[in-house]
Protein chains: 2
Amino acid sequence: MARRETVASGPGSRALVVDVIRSSGPVSRVELVQATGLTQPTISNIVRALIADGVVRETGDTVATGGKPRTLLAINSEASYGIGLHVGMGTATCVVTNTRGGMVGRQLIAAPEGTGEVGVARLSQLCRDTIHALGVDTRAVAGLTVVARGLVDVGHGRLPSVAPATLGPNLGAALAEQLGFPVLVASDAAAAAVGEYWVRQVSRDRLFGCLYMGTGISSGVVVDGALHRGASSNAGQIGHVSAVHNGLACPCGNCGCLDLYAAPPAVVTWVRTTPGLADRLGITPEETSWRAFDILARAALYGDDGAMAVLAPSTEMLATAAVTLVNLWDLDTLVLAGPGFAVAGSLYVKEIRRRLAERAFPRAIHDVQVDLSNNPRESVAIGGAALILQGSVSPGHGPEVSLNS
Amino acid sequence: MARRETVASGPGSRALVVDVIRSSGPVSRVELVQATGLTQPTISNIVRALIADGVVRETGDTVATGGKPRTLLAINSEASYGIGLHVGMGTATCVVTNTRGGMVGRQLIAAPEGTGEVGVARLSQLCRDTIHALGVDTRAVAGLTVVARGLVDVGHGRLPSVAPATLGPNLGAALAEQLGFPVLVASDAAAAAVGEYWVRQVSRDRLFGCLYMGTGISSGVVVDGALHRGASSNAGQIGHVSAVHNGLACPCGNCGCLDLYAAPPAVVTWVRTTPGLADRLGITPEETSWRAFDILARAALYGDDGAMAVLAPSTEMLATAAVTLVNLWDLDTLVLAGPGFAVAGSLYVKEIRRRLAERAFPRAIHDVQVDLSNNPRESVAIGGAALILQGSVSPGHGPEVSLNS
């Protein structure tokens, strides 16, 4: 059982009640007392406020108990929508979800040809178009989380390393101004972890980790139903952990970073520098990095030895990184998410499961369940939407800063 | 600010109240409402129960407010004692603390000459002697935590890798039977982290990590005032994280483990295999590993280049491991504890500070405060005592299993 010696925080009581209703509902107030350990008056007060805020509703059903029938409570699904906006290299994905974590719709835009850039105005338009196309009332939108790779400065709502650089580090504030609702910022692995946790309805008993592979590799951990954010929302940077002693210098400042050896761009570089391999696989010099990686992965899946030889070091190093995560966090659940696993996922899952079974420090005590996301390309955007909803359905439970709220 | 999106758990409310009184007391009930966010009726109920249980007392002082004077509450210091029993290679340290985390006394035993063993009967006697010598009433002892390096099986109260092997993996149960009070088991870094956190009175706003170096290297993290235990209390095993790609095979199952390259036994091996160095430093072949390490460290501190050359790789690898911990947890506070740092500590602190300032992923957002424990040899035993007290002063807040309670 995943346990921390948890210390209660008052505002978190509301978050806990919402989370229990969301995951176990419909439930009665009495069941909430039993599930949370809070007192009956406390539950009554919290539920009264949640109904007044439109977050929770009485379903109209009751449960007969032999005594007074108990009315059942459920999340008010249509009360609020969240938007996740995942900004990558030359693309952006906008996802809208409801409070149950169900995706209502999504749209994707790619940079106009030849520029490699998606500007702020186009991003705002993407969001507005998505909302409009889905028939969602703008007033029911709780807000948006813009998610990007790398360093996050939540104190100022900035994404200092967002790409492309033309979006500017103050992307969060710019979008808040243009769209007029609250905007949060988050890193990709954090959002993916939350998204996977919500969508998979992971039990709060599990210690849930997510290994994310996009342009880079990162991780997120959900403990007792809440994302581990760290001192500054910059936790989980497994891609910038030294995997090779005294290895290559990384722009992040460290050396031997996992990203430099095992992330898709590194793998594609090896493909292109292995004589004859790119040609044989049908990877042209103009092929984008992502298409090249997926072509390589598909070839390896179909048994091409040369392709597998290039991919294997990456799978082994990610498997070693998974052992690192398990040995440091003592995880019992690990999900792989992100576009890097969209085609190659099964190859990585296999190697990660193998290596954890052989090497994870706590393996004599418990297994680690390793699975591939059902939606590896969209975990981040879904999680972004989930993060903004956590903030709105559970005040005090959300990230530290909300711009223009 | 160190934040997790915390989810409240009911039983943790009591733990939170105790922790606020312990760290900020004496406080009034009104101040408890403000500090915790819990309701006034909830606070009243919790405080009433704590007074009845003898954990908290009214100090007899009041604070004038212009209205009704507020009575002040404080921890009942003499209500309970906790014992930490740290079992190492051929030695055992027994520490008794009170509920304020103040050490009341300690005793140390070493194995009888020539045997390298400390048996269970001798350990029980050590505990009884310590309690008796301090004039502590056995009925006021809340219990004992036996702390050892390596894998912990809290579900069964076992320490599978406890050394020496003659103590047996069921050490916890054996001690509980002989001593007659509750016995917990914990790993050394977990106990050290809790001990340092209590003794240093770290603010709950900080994300606190502890890097522990004894025979091996491990780590513990305290989040929102509570130890991160992971799925099975086996978190923090940084010593068994791969620091060298495809490196040496480790008995733990992994390869390239940090312990094999940087922990004191490895360093001492290099001293002994560097021609002439051991002689020059005055390290005899019979010298124990610990004395040899401390002699080496002292020589390096005094500027001996040969000694520094052997120690430097260890300091660099631990500094890289500190970067790993910061990049994964996003720590803002790191304390070094354990006998490995008793003499060599300042050399490690220097290198860790340097490397974090150059390489930590979130360095543009915040610093990491790195300090040496004030009591590096005893952090573990103090923490063990703290763990049992957390369990007794805060029911439901303690570790998963209590033997013979």
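K.L.:
It is not clear to me how the sheet that holds strand E10 (residues 217-223) of chain B should be interpreted in this structure. Could you clarify?
P.N.:
Pairing between the strands of a sheet comes from backbone hydrogen bonds, and it takes one of two forms, parallel or antiparallel. Residue and element names in this part refer to chain B. Within the open sheet, the five strands sit side by side as E11-E10-E9-E12-E13. Their pairing is mixed. A single partner strand is all that each edge strand has here, and the edge strands are strand E11 (226-227) and strand E13 (369-372). By the bridge criterion, five bridges tie strand E9 (residues 208-213) to strand E12 (residues 333-337) in an arrangement that is parallel. Note on E12: the bridge partner recorded for Phe-208 is Thr-333. In this fold helix H12 (residues 341-359) packs onto E9, E12 and E13, with an angle of close to 170° to the strand it touches most, E13.

K.L.:
It is not clear to me how the sheet that holds strand E6 (residues 103-110) of chain B should be interpreted in this structure. Could you clarify?
P.N.:
Residue and element names in this part refer to chain B. Reading across from one edge, E6-E5-E4-E7-E8 is the order of the five strands in this open sheet, with mixed pairing throughout. At either end of the open sheet lies a strand with only one pairing partner, and these are E6 and strand E8 (183-187). Averaged over all pairs of adjacent strands, the angle between their axes in this sheet comes to 20°, without regard to strand direction. Sheet analysis places strand E7 (residues 141-148) next to E8, joined by five bridges and oriented parallel. Each bridged residue has a counterpart across the sheet, and for Ala-148 the counterpart in E8 is Ser-187. Across the sheet, helix H4 (residues 120-133) touches strand E4 (81-87), strand E5 (91-98), E6 and E7, and the angle it forms with E6 is around 145°. Contacts between helix H6 (residues 188-200) and the sheet are confined to E4, E7 and E8, with E8 contributing the most and set at about 100° to the helix.

K.L.:
In this structure, what is going on with unusual backbone geometry? I would like to understand it.
P.N.:
All names here are of chain A. Of note in this structure, Asn-246 is not a glycine but carries a positive phi near 50°. Here Asn-246 lies in the loop between strand E11 (226-227) and helix H7 (258-262). Using a relative accessible area of 56% as the deciding quantity, one classes Asn-246 as exposed. For Asp-330, which is not glycine, the phi dihedral falls at a positive 60°. Within the element layout of this structure, Asp-330 appears in the loop between helix H11 (305-329) and strand E12 (333-337). Overall, the relative accessible area of 0% leaves Asp-330 in the buried class.

K.L.:
What is the right way to read the nonpolar core from this model?
P.N.:
Considering soluble globular proteins, one finds that nonpolar side chains tend to be buried as a cluster. By size, the foremost hydrophobic cluster in this structure holds 112 residues, and its most contacted members are A:Tyr348, A:Ile352, B:Tyr348 and B:Ile352. Those residues in contact with A:Tyr348, other than ones at most four positions away along the chain, are A:Met213, A:Ala262, A:Phe293, A:Leu311, A:Ser314, A:Thr315, A:Leu318, A:Leu336 and A:Phe341. Judged by nonpolar contacts, the second largest core, of 31 residues, contains A:Ile83, A:Ile109, A:Ile131 and A:Phe181.

Conventions adopted
- Residues numbered from 1 in each chain as written.
- Chains lettered and ligands numbered in written order.
- Predicted model: local features only at pLDDT ≥ 70, side-chain atom pairs only at ≥ 80, totals over all residues.
- Heavy atoms only, no water.
- Pairing = 2+ DSSP bridges.
- Helix = DSSP H or I, 4+ residues; strand = E, 2+ residues; numbered from the N terminus.
- Contact = heavy atoms within 4.5 Å.
- Axes fitted to C-alpha atoms, helices over the stretch in contact; angles between N-to-C directions.
- Buried < 20%, exposed > 50% of the residue type's maximum accessible area, 1.4 Å probe, protein only.
- Core = buried A, V, L, I, M, F, W, Y, C linked by side-chain atoms within 4.5 Å.

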